[in-house]
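Letter by letter, the chains look like this.
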Amino acid sequence: MSWINVAPYADIEGEETLPIEVDGQKICLYNLDGKVFATDNQCTHGDAALSDGLIQEGGLIECPLHEGTFDIRTGEAKGAPCTQDLRCHEIKVEGGVIYLRPAAR
Ligand code: FES
């Protein structure tokens, strides 16, 4: 898969999360201290968008529905009731543009 231009960096500057759609897949971008990461947007526990959640200390995203947590950098499920990891997508930022390389489905 090649890199896809998904958003200007300015769109997430000053925000914690940004929901996007790439090739029919719902993805959440995160701004973790100025560095951008991407995971699937849907929580693996239920029907909730992580882009509506809050970033916690330690680089975790807290699901807005049952407050389960995932590591934004690795997608690893960290807090109950979440047990299944999130799929992560590769990100690079160049020239003020965010590029994403989707993970295999
Ligand atoms: Fe995310 Fe339940 S739907 S923790």
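Numbering of residues starts from 1 in every chain and runs along the sequence as written. Given that the model is predicted, a residue must reach a pLDDT of at least 70 before its local features are reported, and side-chain atom pairs must reach 80 or more before they are shown or counted; all residues, however, enter totals for whole chains, interfaces and linings. Side-chain measures here rest on the full set of heavy atoms in the structure, leaving out hydrogens and waters.

Labelled according to an unreviewed UniProt entry, the protein appears under the name Ferredoxin, originating from Bordetella ansorpii. UniProt positions are given in the numbering used here, feature names are shortened, and annotations may be inferred rather than shown by experiment. Note on the protein: under the UniProt heading Sequence similarities (unreviewed entry), the record states "Belongs to the bacterial ring-hydroxylating dioxygenase ferredoxin component family." Database annotation for the protein, UniProt heading Cofactor (unreviewed entry): "[2Fe-2S] cluster".

Trainee: Explain the pattern of salt bridges here, please?
Mentor: Any two side chains of opposite charge can pair, so long as their charged atoms come close to each other. Salt bridge, as used here, is a side-chain nitrogen of Lys or Arg placed within 4 Å of a carboxyl oxygen of Asp or Glu. For the coordinates displayed, the defined rule picks out 6 salt bridges. Residue lysine 78 is joined to glutamate 76 by a salt bridge in which the shortest nitrogen-to-oxygen separation is 3.8 Å. For the exposure calls, accessible area comes from a 1.4 Å probe over protein chains only, and a residue counts as buried if that area is under 20% of its type's maximum, exposed if over 50%, partly exposed in between. The partly exposed category is assigned to lysine 78, whose relative accessible area is 47%. We classify glutamate 76 as partly exposed; its relative accessible area is 36%.

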